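The lines below spell out each chain.
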Number of protein chains: 2
Amino acid sequence: MQPRMWRGVVEEYREFLPFTDATPVITLREGGTPLLESRLGAPVGLRLLVKYEATNPTGSFKDRGMTVAVSKAAEARARGIICASTGNTAASAAAYAARAGLPCALIIPASGVALGKLVQGIACGATIIAVQAAFDRALDLVREAAPLLGLTLVNSVNPHRLAGQKTAAFEICDALGRAPQTLAIPVGNAGNITAYWAGFKEYRAAGRSKSLPRMVGVQAEGAAPLVQGHPVDEPRTVASAIRIGRPASWDGAMTAVRESGGTLLAATDEEILAAQDQLAREGIFVEPASAASVAGVLKMGRAHQLTGHGLKDPEVIQARANLPAPIPATLEAISERLSLG
Amino acid sequence: MQPRMWRGVVEEYREFLPFTDATPVITLREGGTPLLESRLGAPVGLRLLVKYEATNPTGSFKDRGMTVAVSKAAEARARGIICASTGNTAASAAAYAARAGLPCALIIPASGVALGKLVQGIACGATIIAVQAAFDRALDLVREAAPLLGLTLVNSVNPHRLAGQKTAAFEICDALGRAPQTLAIPVGNAGNITAYWAGFKEYRAAGRSKSLPRMVGVQAEGAAPLVQGHPVDEPRTVASAIRIGRPASWDGAMTAVRESGGTLLAATDEEILAAQDQLAREGIFVEPASAASVAGVLKMGRAHQLTGHGLKDPEVIQARANLPAPIPATLEAISERLSLG
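Presented here is a report on the structure given in the accompanying data block. From a predicted model like this one, the values you see are computed outputs, not experimental measurements. (Residues numbered from 1 in each chain as written. Chains lettered and ligands numbered in written order. Predicted model: local features only at pLDDT ≥ 70, side-chain atom pairs only at ≥ 80, totals over all residues. Heavy atoms only, no water.)

## Digging into the packing of helix 7 (residues 167–176) of chain B against helix 8 (residues 191–205) of chain B
Each pair of packed helices gets described by two things: the angle between the helix axes and the distance between those axes.
Residue and element names in this part refer to chain B.
Line of reasoning, step 1. One way to put it is that helix 7 packs onto helix 8 with a least axis distance of 7 Å and a crossing angle of 50 degrees. In this view, helix 7 runs oblique relative to helix 8, as classed from their interaxial angle. The handedness of the crossing between helix 7 and helix 8 is right-handed. Contact residues: helix 7 offers A168, A169, F170, I172, C173 and D174, while helix 8 offers Y196, G199, F200, E202 and Y203.
Line of reasoning, step 2. Here the residues of the contact of helix 7 with helix 8 sort into 8 nonpolar, 1 polar and 2 charged. (Axes fitted to C-alpha atoms, helices over the stretch in contact; angles between N-to-C directions. Helix = DSSP H or I, 4+ residues; strand = E, 2+ residues; numbered from the N terminus. Parallel < 35°, antiparallel > 145°, perpendicular 65-115°, else oblique. Left-handed = near helix turned anticlockwise from the far one by under 90°. Contact = heavy atoms within 4.5 Å. Nonpolar A, V, L, I, M, F, W, Y, C, P; charged D, E, K, R; others polar.)

Right, dumping it as structure tokens:
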């Protein structure tokens, strides 16, 4: 059978998305990402699968929602799009805005953003505005600014973002032929856990899967408002993509956990970095925030997902690695260095 | 129709690859990458499609060949794998070796390597050896060292690498329902153009496509041995992935161009960076080497491919961007900055 190429989440799952014939499809053919078996599950008796979202066009799961949100912005003839972001959302928004030919404004906290993630926004021609504030204040600001400026807000408070993100749940069901028993997921702004849960419910309602997973939300210990039950004023964690103290989709996350009989838990930065290391040692290279779900699932679950590519946050690994000095370009020197001489 | 998830190039194209039931499949579910329409073709009357190989698991097309080469190394019970690399190959080799549980040695030139590409090798546990030599000497060295050390060489001189890389040609035919008229491709070590041409011929021979494309190989002007007809001792170009003076697959590239009625041409660094910029302005973010093919095709062809993700070589864009200073976190300041106040 001749393979059929993936067409992007809108064309693959159009009947589950708010598209009409009049909606332009702004796509980079996102989605269709791998579900990879991890060896890390075996010692704890789990079959552990990793949804490797890094293979999306801008390197993270954000592209799933952005294709929908920017398509809808284009349909509505928006003047442009705007978002606050610590990195992954900015890269995705900039790319899809460029694809649509729409101006894009990225409001970023002046510190704490991974440089690798801004490069893409710059390249795609976005206007980047660094504000003297943490992420949560920046998000408040763009929520206020968007309607006043005639711009479409594409943070995950935009419901079209979550509509697109739920397609990852569809794909997991399509890959397994059923829903997983457990879905563990990193929780920062909480849009993704909210979207996955909606996706699993919707796919079951449509008769395409027969069961629902238990939802396990994993936060970083220094940025764990949902686990602690109250906002965190100064969230701290090495996992920049989930360094958020007041999740925009707080209620959605709590609903997902409650309805699914799941749980919330926190992983320390040490546990997160250890999981990042262990995954890389089997060829799965992710950013720290993504590894948080693995750190959590090793105690907890049966299937989970990773959200972003390791390349997006390279300084964490760089800081812990020592590149040895160059050696002479001889066979002898190489043999000696490999201790095989 | 419920979407079928992509299984990786080995399972999708097994009948075209050297696999038996005894060959373990070492995979990160590579391939299945998007073919994206570019607006850049319109002004020159072309339908320009971009094969966006950045969405492979380690961020470049190298994964296609690495899944085959490392699977065969595992089948042969190799002691480990080794390669010389300027970056993309190193990242891919390290990831697939880790996936297979095999040791990996990466021999890199001490200068001229994009840092972002080494991060992944470090994370995946490879032994990284920087040698005081350019790429071409490093490649000579590993070709000599591999058999002596009992390691499998996974540079593109390994025929299994090229066997895997030809699957990109299959995918283009499957996406279009036919072969393109022209395939433009960056040429460094020349393995990729060799593999694509083999792929198009093989797919036609199997009756899965009816025609063959014209092959256009694009080199950087300061590293254009094939265009000039002789090796280049000190290749220079901003496009590090094709900064190669003595291509290992020289003959393969010349054969592809000759048999297909194609051509070879060189793009300047300025043309390459301009093409990188223009692609990013429509949401397609690639490294300079990948943009070389676009710089070439704007004069030449009808369909082409891009090889690596922009994130892999971020310094080029960083060097040309000026991040503005942070502003106060107020609506007024943002409006003013966006010139909308």
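There's more to say after this.
## Focus on the pairing of strand 3 (residues 81–84) of chain A
Residue and element names in this part refer to chain A.
Line of reasoning, step 1. Because side chains alternate across strand 3, one face comprises the buried residues I81 and C83, and the other comprises I82 and A84, equally buried.
Line of reasoning, step 2. Taken together, the 4 bridges between strand 3 and strand 4 (residues 104–109) define a ladder with parallel strand orientation. Paired with C83 across the strands is L106, a residue of strand 4.
Line of reasoning, step 3. Of the crossover connections in this fold, the one passing from strand 3 over helix 3 (residues 88–100) to the parallel strand 4 is right-handed.
Line of reasoning, step 4. In the sheet, strand 3 pairs with strand 6 (residues 152–153) via 2 bridges, with the strands oriented parallel. Note on strand 6: the bridge partner recorded for I81 is T152. (Buried < 20%, exposed > 50% of the residue type's maximum accessible area, 1.4 Å probe, protein only. Pairing = 2+ DSSP bridges. Right-handed = clockwise from strand over helix to strand, strands pointing away.)

## A short note on the sheet that holds strand 6 (residues 152–153) of chain B
Line of reasoning, step 1. Across the sheet, 4 strands lie side by side as 5-4-3-6 (chain B); this open sheet has parallel pairing. Across the chains shown, the open sheet's two edge strands, defined by having one partner strand only, are strand 5 (127–131) and strand 6 of chain B.

## Points about the sheet that holds strand 5 (residues 127–131) of chain A
Residues and elements named next belong to chain A.
Line of reasoning, step 1. Pairing is parallel across the open sheet formed by 4 strands, whose spatial order is 5-4-3-6. The open sheet has two edge strands with one neighbour each: strand 5 and strand 6.
Line of reasoning, step 2. Contacts from helix 3 reach strand 3 and strand 4 within the one sheet, and its direction differs from that of strand 4 by about 170 degrees.

## Some words on the packing of aromatic side chains
Line of reasoning, step 1. This structure, assessed with the given rule, holds 14 aromatic pairs over all chains.
Line of reasoning, step 2. Each ring, one from F170(B) and one from Y203(B), has its centre 4.4 Å from the other, and the planes form 15 degrees; the classification is stacked. Within this pair, whereas F170(B) is found in helix 7, its partner Y203(B) is found in helix 8, the two being separated by 33 residues in sequence.
Line of reasoning, step 3. Judged by its relative accessible area of 0%, F170(B) is buried.
Line of reasoning, step 4. One aromatic cluster in this structure is built from W6(A), Y13(A), F16(A), F170(A) and Y203(A). (Phe/Tyr/Trp six-rings, centres within 6.5 Å; stacked < 30°, edge-to-face > 60°.)

## A few points about helix 2 (residues 62–75) of chain B
Residues and elements named next belong to chain B.
Line of reasoning, step 1. Spanning 14 residues, helix 2 covers 20 Å between terminal C-alpha atoms, matching the ideal 20 Å at 1.5 Å per step.
Line of reasoning, step 2. Counting buried positions along helix 2 gives 12 out of 14 residues, so the element sits mostly inside the fold.
Line of reasoning, step 3. Of all the positions in helix 2, only K62, D63, R64, G65, M66, T67, V68, A69, V70, S71, K72 and A73 are classed as buried.
Line of reasoning, step 4. In the segment just after helix 2, R77 is the residue with positive phi, at about 55 degrees. (Expected span 1.5 Å × (residues − 1).)

## Comments concerning the interface of chain B and chain A
Line of reasoning, step 1. Each partner contributes residues to the interface: chain B has 88 residues there, and chain A has 88 residues.
Line of reasoning, step 2. Across the interface of chain B and chain A, roughly 7300 Å² is buried in total on both sides, 67% from carbon and sulfur atoms.
Line of reasoning, step 3. The tally of links from chain B across to chain A stands at 2 salt bridges.
Line of reasoning, step 4. With a shortest N-O distance of 3.8 Å, E282(A) and R99(B) are connected by a salt bridge.
Line of reasoning, step 5. Summed over the shared surface of chain B and chain A, the result is 18 residue pairs in polar contact (both at pLDDT 80 or more).
Line of reasoning, step 6. The element best represented in the side of chain B that touches chain A is helix 4 (residues 115–123) of chain B, accounting for 7 residues. (Buried area = accessible area lost by both parts, 1.4 Å probe. Salt bridge = Lys/Arg side-chain N within 4 Å of Asp/Glu carboxyl O. Polar contact = N/O pair within 3.5 Å; in protein donor to acceptor, adjacent residues only side chain to side chain.)

## Side note on the environment of R258(B)
Line of reasoning, step 1. Considering the arrangement of structural elements, one finds R258(B) in helix 10 (residues 250–260).
Line of reasoning, step 2. In this structure the C-alpha to C-alpha distance between R258(B) and A239(B), which are 19 residues apart in sequence, comes to 25 Å.

## Thoughts on the relation of the copies chain B and chain A
Line of reasoning, step 1. In screw terms, the move from chain B to chain A is a rotation of 180 degrees and a rise of 0.0 Å along the axis, fitting with an RMSD of 0.0 Å. The transformation just described matches what one would write down for a two-fold rotation axis. Of the C-alpha atoms belonging to chain B, the one lying closest to the rotation axis is found on T55(B), 2.2 Å away.
Line of reasoning, step 2. A share of 100% of interface residues in chain B that are also interface residues in chain A marks the association as one of identical surfaces. (Least-squares fit on C-alpha atoms with pLDDT ≥ 70 in both.)

## Some points on the side chain of K166(B)
All names here are of chain B.
Line of reasoning, step 1. Its place among the elements puts K166 in the loop between helix 6 (159–165) and helix 7.
Line of reasoning, step 2. By relative accessible area, K166 is classed as buried at 8%.
Line of reasoning, step 3. Apart from the residues within four sequence positions on either side, K166 is in contact with F16, L17, A195, G199 and E202.

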